[in-house]
Amino acid sequence: MLPGKYRAVSGRAASNVNCGLHLVIQTSSLPDRNKVEFRLSKETPSFSGRLLQHDLERNYSSRQGEHSSLVSSSMPAFPILHRSTEEKILCSDRLTLERQKLTVCPIIDGEEHLRLLNFQHNFITRIQNISNLQRLIFLDLYDNQIEEISGLSTLRSLRVLLLGKNRIKKISNLENLKSLDVLDLHGNQITRIENVNHLSDLRVLNLARNLLSHVDSLSGLDSLTELNLRHNHITFVRDVDALPSLQRLFLSFNNICSFDSVCCLAQCSSLSDISFDGNPIAQEPWYKHTVLQNMAQLRQLDTKRVTEEERRVASVVAKKEEEKRRESQKQSLLKEKKQLAIRNIARQWEQLQQRRGSEATGPERPGSPSAAQDVSQAQGSGPAFPEEPGSPDAPPGPALADTHLVEVDGDTLSLYGAGALECLDRSWSTQTAGTVTTVCFTFIEFDDIVQVLPKLRMKFPNSLHLKFKETKLVMLQQFNALAQLRRIDQLTVDPQGNPVVSFTLWKYYVLFRLSHFSMQKINGTEVTQNDMIMAERLFGILAHVASSELPQYRLISILGDARKKQFRYLLDAKGKRPGLVSEDASDSRRLLTENTNRATLNYSTRDFFNERLEEIREKKQLCRAYTEGLVQEAAGIHTKAEALQRLWPQMFIELVRDAVVDIRSKDAFMKLSLQHIAQQK
Amino acid sequence: MLSPERLALPDYEYLAQRHVLTYMEDAVCQLLENKEDISQYGIARFFTEYFNSVCQGTHILFREFSFIQATPHNRASFLRAFWRCFRTVGKNGDLLTMKEYHCLLQLLCPDFPLELTQKAARIVLMDDAMDCLMSFSDFLFAFQIQFYYSEFLDSVAAIYQDLLSGKNPNTVIVPTSSSGQHRQRPALGEASMLEGVEAALFYQRLESLCDRHKYSCPPPAFVKEVLSNVQRLTFYGFLVALSKHHGINQALGALPDKGDLMHDPAMDEELERLVVRSRLHRTSRQHRAEEPGAFGFQRRDKPEALERVSSASAATPYPYRWEPRE
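Every value quoted in this text rests on a predicted model; they were computed, and no experiment measured them.

Cut-offs applied
For every chain, the first residue of the written sequence is number 1, and numbering continues from 1 along that sequence. The lettering of chains begins at A and the numbering of ligands begins at 1, in the order of writing. Since the coordinates come from a predicted model, pLDDT governs what is reported: local features require at least 70, and pairs of side-chain atoms require 80 or more to be given and counted, while whole-chain, interface and lining totals use all residues. Water and hydrogen atoms were dropped before computing side-chain values, which therefore reflect all heavy atoms in the structure. Helix and strand definitions follow DSSP, with helices as H or I runs of at least four residues and strands as E runs of at least two, each counted in order from the N terminus. Note on exposure labels: buried denotes an accessible area under 20% of the residue type's maximum, exposed denotes more than 50%, and partly exposed covers the range between, all computed with a 1.4 Å probe on protein chains only. When checking whether two residues touch, look at their non-hydrogen atoms; a contact exists if any pair is within 4.5 Å. Per-residue and other accessible areas follow the Shrake-Rupley method at a 1.4 Å probe size, with only the shown protein chains counted as cover for residues. The term buried area refers to how much accessible surface (probe radius 1.4 Å) is lost by two components on association, counted for both of them together. We count a salt bridge whenever a side-chain nitrogen from Lys or Arg sits within 4 Å of a carboxyl oxygen from Asp or Glu. Any N or O atom pair separated by 3.5 Å or less is treated as a polar contact, with the protein-specific requirement of one donor-capable and one acceptor-capable atom, and with residues adjacent in sequence counted only for side-chain atom pairs. To estimate the expected span of a helix, subtract one from its residue number and multiply by 1.5 Å. It is the directions from the helix axis to the C-beta atoms whose arc is reported. Only strands joined by at least two bridges in the DSSP assignment are considered to pair. All axes here are fitted lines through C-alpha atoms, helices being fitted over the stretch that makes contact, and every angle between N-to-C directions spans 0 to 180 degrees.

Chemist: Which residues make up the overall build of chain B, and what values go with them?
Modeler: Helix and strand content of chain B: 18 helices and 2 strands. Burial statistics for chain B: of 326 residues in total, 47% are counted as buried. Contacts in chain B between residues far apart in sequence, at least 24 positions, make up 66% of those at least 6 positions apart. Counting only carbon and sulfur atoms, one obtains 56% of the accessible surface of chain B, whose full area is about 16700 Å².

This is how it looks when you write it as C-alpha cells:
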C-alpha cells in the first residue's frame, strides 16, 4: 500500500505496539463533565491491541459504575490520549494507534513534536483533533471510514498523507499541505482529480481503486514521478504531458478503448514506465506496436522490459498502418470529389432543361451552350481517374460552364455530363477497354450519345450492358440508333429523366428493333420468349412495310446512308487500326443479312434531320424551277396545239379556196406555172 | 377521261388540282438526291417505281412532314400506312396516351408536329384530361379527320368562335395559320346557358365555306346529315360526329369501316409468317448454342459462323472476350 520508502517506517510503527504503550483515555466533551480517568498499568507489556480494547472497555464500564454522574453517551465523547513520560522519551516523535477500534480521533495531549502518527485499521470517520500537531510529517489513516478530507489545514509540514481505503468522495482541503510528498488516496470513492494543483512537491500520487472516469487537471504537479491510477473507470487521459517529471504511470484495469484517448502520453518525454494491461486497448492486436511506436522513450511496458526487436517491429507495423490510413483517406477524398462533381453536373443538367423548356415554344432548339471549361487531370495509370469539376454555378447569362465526370470502376464505365463523351476520343489501354462491360450514361442528351455510338463500339468492344439515366429519351424512334452497336445484352433505362419509359409499348419496341441482339434483360427483368413474340406481333408489319413496300431506290438510299456513315468512320479510323475494317465489314454484312427489314428504321437527331432538309431545300428550288420550265414548255406547246386546233379549219378552207381560185382557168394556170418554173431557173 | 370539265380548265389550274406538279417536283428532287444510286439502274426505272409507289401509297413512308401534308392523296396514303403498320397495336387492345401515339406517328414521319396529334387527341377526349388513354380506333378516326381536313377544321373553328361570340354572319372568315390557332374557352356566361351553337346557322356558314374550299372539305351532304340530327352542338361534338360518320370515312377512302378496322387478312398472314420465322430463328439459335461450333469464334467470314457466334453468346456467357486488335 504505502510506497516502499515508508513501509519500513510504518512497519516499525506497527511493531511499536509492544514497546509499552500506555493508553490513558480521558473522556471529555464539554467542560462541565466529570473526567473519568483511566490508567493502565505498565506491567502488562505484551498485550495485544484487542486485549487492550477489552481492558479499556472493562475499565470504562467498571469505572462508569462508580461515577454516576457520568455523562450520558448521547453526547459525543473524544477520548484524550496521554502517554507516560517514559513513553514520550522513547518514541518521542511517533505514535501508533492502529487497530484500536477508534471511532473518532482522540485528542492527543502534549505531543506537539510528534512527527509520525499512525491510525491504521480503525473506524475513524472524521479527521479531528490533530490540528495541534504542527510538526507532523507522516499521517497514516489507512483503512478507516473517513468520508471527507478535513482538519489538516494546520499540518503545514506534512509530507506523507496516507488515506487509503476510506470513503473519501472528493479531494479537498489540501491547500496548506504544500510540502506534501506522497499522497495516497487509493481505495476511496473519488470521482475527479481536483485541488491538487498546488502540490508542487508531490512525488507520488496514488489514486488506484477509485471512481475516476478521466484524468485531467494535473497541472502544477511539477515533481510528480509516479502516478498510480489502476483500477478506475478511466476512459481518457489528458494533461499528463504537463507533468515534467512523470516517470511511472500505471493505468492498468481501466476503460481506455482507443489510443486517441491517451494521445497526450506521446508527448510525455519523461515517461519510462507505463502499464495499460486490463484495458480494452490491450486486447487489440496492434496494441504493443502502437504504444511502442508512439512512445519511443518507454523502457518498461506492463512491467516488462521493452526490447529493441519489439521496437523495430512496432515501427514497421506503424508505418504500414499509416500508409493504409492515408490510402483510405485518399479514397474517401476521391469519392467525395466524385459526389460533388456529380451533384454539380446534375444541377447544370436541371438548369439546362429548364432553359430549354422555356425556350421550346419555337420548333428550333437553341444551339448548344458555349465554352466548356473542363479542367482535366493527368490520366493516371490506375483504373480510376475522376475529372475535376470546372467552375461552379453558371450565371443566368448565355455562357454555361460544362462539368463532366468520367469514371472507370472495374467493369463499369460511367459518364456524367455531355462533356464526358469526349473521353471516347482519348486512347484507352487495351486492358482497361477490354474489361469494361457496362457503360452508364447520366445527364447526357441521348442525341449527343447517338453521335458517339460508333466510337463506343470501337473503343469498348466488350460493352454488353447500357444504362441510361436522365438522358431525355422521349421517342421510341431513338432506340433505332442503338442498332448500330455490336452487341447489347442488357439495357437499363431509368425512368428518371427518360419519359419514354412511361409508354406501354417501349419494351416491345426495343425488343423488336434490336431483335438481332437477342437481349437478355431490359430494366432488370428477363426477356422471355413470349415477350419476343409479342414484340414481333406488334411491330412485325411495320418492319415488313418498311422493307418490302419501299421502292428500291428508297431502300438503297436509306441503307446506303447508314452504310456510308459506317464506312466513312472506318476510313477515318483506318489509319489507326487497319485490322478492324474487315471485321466491321463482316459485321455490317451480318447486319444486313439478319434484319434488313428493320434496318430502314433509323434515327437521326432533330438537328441532323433539319440540316438535311436545309440541304434539300436548294435542290427543291432547282427542281421547282426545272419543273416549271417543263410545264411552261408543255403549256406553250399545248396552247399552240390548241390554237392550231382552232385555227386549222379556217386555214384549211382558205388553202382549198386559194387552190380552187388558182385553177379556175386552166390555161392561165398553166401559163403561170411555166413562168414560175422559168423564173426559178 | 376526255371530259369537258377537264378541258375547260386552264393548264395550271388543272395541274394544280391534280397536284401533278408536286409529284413531278418531288420525283426530280429525289432523283437529284440519290443520283449516284439511281444512275446504276436507270432513270426510267426510277420514275416507274416512283409513280408506282405514289399509286400504292407507299411514297410517304419516312418522308418529311411537309411532303406528307402536301396533297390529299399523300395524307390519305399516310393514314392508310399508319393504319396498316399499327393495326396490330390496336388489335392487342392496348390503350395508349397521346404522347405514345405521337411516337408511333414519328416512327413513320420523324418530324410530325405534336400539335396535330394534340388536336386529334382533343377530339377524342372532348378537350378534357389530355393524359387519358385512348383506344386505337378512336384515335385513328379522330386523327383522320384532323389531319386530312386540317385547314377546313381551322376555318370551322374560327366560324364557331364567331358564332359563339355572336359576330355578324356576313363578315369574311379568313382562317388563321393552323399553329397559331388557340382554343379559347367561350365566355362562361354564354356557355353555361346555351351550349354550342345552333346547328342550322352553323350549317349555313359551313356551306359557304365548303364552296370556297372545294378540295379539302368533307362532302357537304354528309355535313348536312351530321348537322341535321341535332339542335345545338359544340365544336368538339361536331368533330366527333364527323369522325364517326361512316360516309365521310368512305368518301376519304383511306381507312376501312370501323367494324373492319382490325381486319387485314393479307397482312395477318404475313405477320404469322414473320412470327414463325422469328420463333424458329430463336430456337434454332438456342439449339445451335448447345452444340459448340467446330470453329468457335475464329471464323468470322461465313455468316453462319457469325450467327453461331452470336447465338452461342445469346444463351451462354462469352467464354472469352473480343480483344480489340492492335
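Further notes follow.
Chemist: Lay out the interface of chain B and chain A with the relevant residues and their values.
Modeler: Facing 73 residues of chain B, the contacting portion of chain A comprises 74 residues. Across the interface of chain B and chain A, roughly 6800 Å² is buried in total on both sides, 61% from carbon and sulfur atoms. At the surface where chain B touches chain A, the tally comes to 3 salt bridges. Our enumeration of links across chain B and chain A arrives at 7 residue pairs in polar contact (both at pLDDT 80 or more). Going through the elements one at a time, α2 (11–18), α3 (20–33), α4 (35–41), α5 (43–56), α7 (72–91), α8 (98–108), α17 (265–290) and α18 (303–315) of chain B are the ones with two or more residues in the side of chain B that touches chain A. With 11 residues, the top contributor of residues to the side of chain B that touches chain A is α17(B).

Chemist: Run through helix α13 (residues 199–212) of chain B, naming residues and quoting values.
Modeler: Residue and element names in this part refer to chain B. Under the 1.5 Å per step criterion, the end-to-end length of α13 is 20 Å for 14 residues, consistent within 8% with the ideal 20 Å. Of the residues making up α13, those classed as buried are Ala 199, Phe 202, Tyr 203, Arg 205, Leu 206, Leu 209 and Cys 210. The arc enclosing the buried residues of α13, seen along the axis, measures out at 165°, which places them on a common side. Seen from the open side of α13, the exposed residues pointing more than 90 degrees away from its buried face are Ala 200, Gln 204 and Asp 211. Those residues of α13 that are buried lie in contact with α11 (150–165), β1 (197–198), α14 (220–228), β2 (232–233) and α15 (235–244).

Chemist: An account of the sheet that holds strand β20 (residues 438–442) of chain A is requested, with residue identities and associated values reported.
Modeler: Residue and element names in this part refer to chain A. Read from one edge to the other, the open sheet built from 7 strands follows the order β18-β19-β20-β21-β22-β23-β24, with strand pairing classed as mixed. Because the sheet does not close on itself, it has two edges, and the strands there are β18 (405–409) and β24 (525–526). As paired elements, β20 and strand β21 (residues 465–469) share 5 bridges and run parallel to each other. Bridging from a neighbouring strand, Thr 438 pairs with His 465 of β21. Running over the sheet, helix α5 (residues 308–359) touches β18 and β19 (412–416) and is turned about 135° from β18.

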